[in-house]
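# Structural overview for review
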Amino acid sequence: MDTIIPYVIAKYNYWAAIILLLIGLYGMIAKNNLMKKIIGMSIFQTSIILFYVSIGEKKGAAIPILIHGHGAETAQAAIDPAAFANPLPHVLMLTAIVVGVSTLGVALAILQKIQRFHNTIEEDEILEGMQE
Amino acid sequence: MSDQAPILILAIPLFSAFVISLVGGLHRTVAFGLLTGAMAGSLTMALVALGAVLQNDAPVHYQLGNWPPPIGIELVIDYLNGLVLVVVAGCALLTAVYSHHTAAREQGDRLHHYYTLFALLITGLLGMVATGDAFNLYVLLEISALSSYAMLATGRGHAYYATFKYLIMGTIGACFYLLGVGYLYIKTGTLNMADLFRLLNTPEMHASASIRVGFLLIIIGLWIKMAFFPLHGWLPNAYSRATTTTACLIAPLMTKVSVYIMIRLMFSVFSVDYVFRTIPWSRLVVWLASAAIIAGSISALAQRDLKRLLTAIIVAEIGYMVGGAWLANANGLTGAIYHILSDALMTLCLFMTVGAIILRTGSSSFSAVENLCRKMPVTAAVFLIGAAAIVGIPPTCGFFSKWYLIRGAVQAGAWHFIAALIFASLASAVVFFRLIEIAWSGTFDGHGHGTPPVARAEAPLAMLAPMVAVAALLVIVGLYTNEIVANLIRWAIPAGL
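Predicted model only: the values in this text are computed from it and were never measured.

### Focus on the side chain of Gln-45 of chain A
As for its position among the elements, Gln-45 of chain A is in helix α3 (residues 34-55). Residue classification places Gln-45 of chain A among the buried positions, given a relative accessible area of 8%. For Gln-45 of chain A, the residues in contact, after removing those within four places along its chain, are Gly-100 and Thr-103 of chain A together with Thr-171 and Cys-175 of chain B.

Next up, the structure:
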């Protein structure tokens, strides 16, 4: 235990992502209610977004905006990469958020159609109805 | 013009999607004309790009916005994906022509919305094939997946639930891929495939556990997307509940593009050394592929519905390609790449004939093919050629892919894979000969007393023309196998195999 706890605390961001990922995966696979599956899907996608966001972060780093970006006096050598968070994973995740929102929208639209056709969103009742 | 071909392959269908959604509502001919024109344009550009690759004997690199890689995103077209681009664009064009009759009946006044999705799906698929950037691939994967969910859901009724299951599984697959790319990004700090290849293939990276987990996540994500056994549960329902046009478009292309991506990542991001020597999974994967072939074939034997029969065959065919790629020798990989081409054509051929049969008989059960030889002689002939290709009878291309796969399996000593391939051939022979017998004798239960005269009811020309074209291609590709392998596929095999 003595070694595990510092290990968990030191990498708590990854542990948070892993726990959320497993909750989401469990919801998508094990839940009977289709709405809960969609909620699981959202949690699953969000956990990956958090994972990416946290890998761009550095201890004591500032947001990556160059205040004195213009003018000749700002030589390239003056910029210390360690002082700034890595913006690339954050930008990638903007795209992933858009993808997640679109998937959520399509899933909700299909769920609405399922509800109208089967009169239920419980998976076992839908399967029962399909066998008849 | 020709140096802009790589981006035009994607830009033409993308912009046509916007134009169709704006003006396609005016008249169905406008929507149809725009879609067919866009697919023809895309196919032309794919051929131009492939021609440039052949002429220069080097990959074509296209830097988007003139940003040099690894900062910018690039499109890379080489022997492997040049071929796959032509296959995707060609199948899309044939399906677009075919849809003139079917999609209008299925979609009514929503035709232009449907065609918008059609064009977006093809944009996504072509983009996935052309891109040289691992994250860009994820975005395009989701573009094609989202359009395919919407298209599959237009099957209505039971299609909604089947599509929902596919959406959940597809999202898990895509997210696994994204997570795997994240692992590679942490270790290398790059997303460009060529740059990843350079940075990943060092002894230190080969020993890294993170890279191994990343590779595993990416491969499992792709296996879910391509419906590789035992992750194939979503496919039969989703594809067999779809409308004819959707099935013709999605069934041949989606799974094949996922197989291409697996091959691309195995050899262009990771390396032959890493995939076959550093990690000891190739034997296990070939066993899984054999299981996929056997499971798909047994399921095919049990079907009494044409569409479900074809979906079972797709599951078996995925096993061919994954097994071939993991045999770890040049013959197996040649078979896998050649089978991407031939399987796309034969799946398209059979789904098109089944669509024509459903149009004329209103049913997709085995009894729908009764008297097919007299009612729809052309459709029956096309069906016969497609069936011959699935079984693997020369000179159709299905024979040659099996030939390369079996040679690769002999070389690798994977006897179970050979047994599975032969079993699949026998099983599909049993199923298709039974169907042909029904089509010829005109009785499903075998108690026919004479044959009553049957009226001719052939499918309309818009459906027949692409069907005959695909059937002809099955034979032509088979006859020119040597040329295709010697000029294209041989150069796509990575060094060291």
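Moving on, there is more to tell.
### Looking at the interface of chain A and chain B
Listed by partner, the interface residues are 37 residues for chain A and 29 residues for chain B. Of the roughly 3000 Å² buried between chain A and chain B on both sides combined, carbon and sulfur atoms contribute 84%. Applying the counting rule to chain A against chain B returns one salt bridge. Residue Glu-123 of chain A pairs with Lys-165 of chain B through a salt bridge whose shortest N-O separation is 3.0 Å. Joining chain A to chain B, the criterion identifies five residue pairs in polar contact (both at pLDDT 80 or more). At the level of secondary structure, the elements contributing two or more residues to the side of chain A that touches chain B comprise α2 (12-30), α3, α4 (87-118) and α5 (123-131) of chain A. Looking at which element gives the most residues to the side of chain A that touches chain B, the answer is α4 of chain A, with 17 residues. The residue inventory of the side of chain A that touches chain B, partitioned by class, reads 28 nonpolar, six polar and three charged.

### Quick word on the pattern of salt bridges
Residues and elements named next belong to chain A. Under the criterion given, the structure shown has six salt bridges over all chains. A salt bridge links Lys-37 to Glu-123; the nearest nitrogen and oxygen atoms lie 3.4 Å apart. Of this pair, Lys-37 sits in helix α3 while Glu-123 sits in helix α5, placing them 86 residues apart in sequence. By the burial criterion, Lys-37 is buried, and Glu-123 matches it. Since its relative accessible area comes to 9%, Glu-123 is described here as buried.

### A few points about the packing of helix α13 (residues 282-302) of chain B against helix α14 (residues 306-326) of chain B
Residues and elements named next belong to chain B. Two numbers describe how α13 lies on α14: the axes approach to 8 Å, and their chain directions differ by 160°. Between α13 and α14, the angle is such that the two are roughly antiparallel. Here α13 and α14 pass one another in a crossing that is left-handed. Contacts between α13 and α14 involve Ser-282, Val-285, Val-286, Ala-289, Ala-292, Ile-293, Gly-296, Ser-297, Ser-299 and Ala-300 on the former and, on the latter, Leu-309, Ala-312, Ile-313, Val-315, Ala-316, Gly-319, Tyr-320, Val-322, Gly-323 and Trp-326. Counted by class, the contact of α13 with α14 contains 14 nonpolar, six polar and no charged residues.

### Brief notes about the confidence of the model for chain B
Summary statistics for chain B give a mean pLDDT of 88 and a share of 97% for residues scoring 70 or more. At the level of chain-chain contacts, confidence expressed as ipTM amounts to 0.90, with global pTM at 0.91.

### Some details on unusual backbone geometry
Residue and element names in this part refer to chain B. Note that the residue after Phe-229, namely Pro-230, is joined by a cis bond; omega there is 0°. Following Pro-394, the chain continues to Pro-395 via a peptide bond in cis, the omega torsion being 5°. Within the secondary structure, Pro-395 is located in the loop between α17 (377-391) and α18 (397-412). Phi at Asn-66 takes a positive value of approximately 60°, unusual for a residue other than glycine. Its location among the elements puts Asn-66 in the loop between β1 (60-63) and β2 (74-77).

### A look at the packing of aromatic side chains
A full pass over the atoms with the stated rule returns 24 aromatic pairs over all chains. Summarising the aromatic geometry, the rings of Phe-117 of chain A and Tyr-160 of chain B are spaced 6.4 Å apart at their centres and angled 75° between planes, so their arrangement reads as edge-to-face. Taken together, the positions of Phe-117 of chain A in helix α4 and Tyr-160 of chain B in helix α6 (residues 159-188) put the pair across two chains. For Phe-117 of chain A, a relative accessible area of 39% corresponds to the partly exposed category. On the accessibility criterion, Tyr-160 of chain B (8% relative accessible area) is buried. With a centroid separation of 5.9 Å and 80° between ring planes, the pair formed by Trp-234 of chain B and Tyr-239 of chain B is classed as edge-to-face.

### Overview of the packing of helix α11 (residues 244-269) of chain B against α14 of chain B
Residue and element names in this part refer to chain B. Remark: α11 packs on α14, axes separated minimally by 11 Å, with the N-to-C direction vectors making an angle of 15°. When the axis of α11 is compared with that of α14, the two are roughly parallel. Crossing of α11 over α14 shows right-handed handedness. Residues Ala-251, Thr-255, Lys-256, Val-259, Met-262, Ile-263, Met-266 and Phe-267 of α11 form the contact with α14, whose participating residues are Ile-314, Ile-318, Met-321, Val-322, Ala-325 and Trp-326.

### Observations concerning a nonpolar patch on the surface
Residues and elements named next belong to chain A. Taken together, the side chains of Ile-4, Tyr-7, Val-8, Trp-15, Ile-18, Ile-19, Leu-22 and Ile-23 make up a nonpolar region of the molecular surface, amounting to roughly 730 Å² of accessible area. Elements with a contribution of two residues or more to the nonpolar patch: α1 (4-10) and α2. A per-element tally of the nonpolar patch places α2 first, with five residues. Note that Ile-19 resides in helix α2.

Rules behind the numbers
- Residues numbered from 1 in each chain as written.
- Chains lettered and ligands numbered in written order.
- Predicted model: local features only at pLDDT ≥ 70, side-chain atom pairs only at ≥ 80, totals over all residues.
- Heavy atoms only, no water.
- Helix = DSSP H or I, 4+ residues; strand = E, 2+ residues; numbered from the N terminus.
- Buried < 20%, exposed > 50% of the residue type's maximum accessible area, 1.4 Å probe, protein only.
- Contact = heavy atoms within 4.5 Å.
- Buried area = accessible area lost by both parts, 1.4 Å probe.
- Salt bridge = Lys/Arg side-chain N within 4 Å of Asp/Glu carboxyl O.
- Polar contact = N/O pair within 3.5 Å; in protein donor to acceptor, adjacent residues only side chain to side chain.
- Nonpolar A, V, L, I, M, F, W, Y, C, P; charged D, E, K, R; others polar.
- Axes fitted to C-alpha atoms, helices over the stretch in contact; angles between N-to-C directions.
- Parallel < 35°, antiparallel > 145°, perpendicular 65-115°, else oblique.
- Left-handed = near helix turned anticlockwise from the far one by under 90°.
- pLDDT = per-residue confidence, 0-100.
- Phe/Tyr/Trp six-rings, centres within 6.5 Å; stacked < 30°, edge-to-face > 60°.
- Patch = residues over 30% accessible without salt bridge, like charges linked within 9 Å, V, L, I, M, F, W, Y side chains within 5 Å.
- Areas by Shrake-Rupley, 256 points an atom, 1.4 Å probe, with all protein chains shown as cover.

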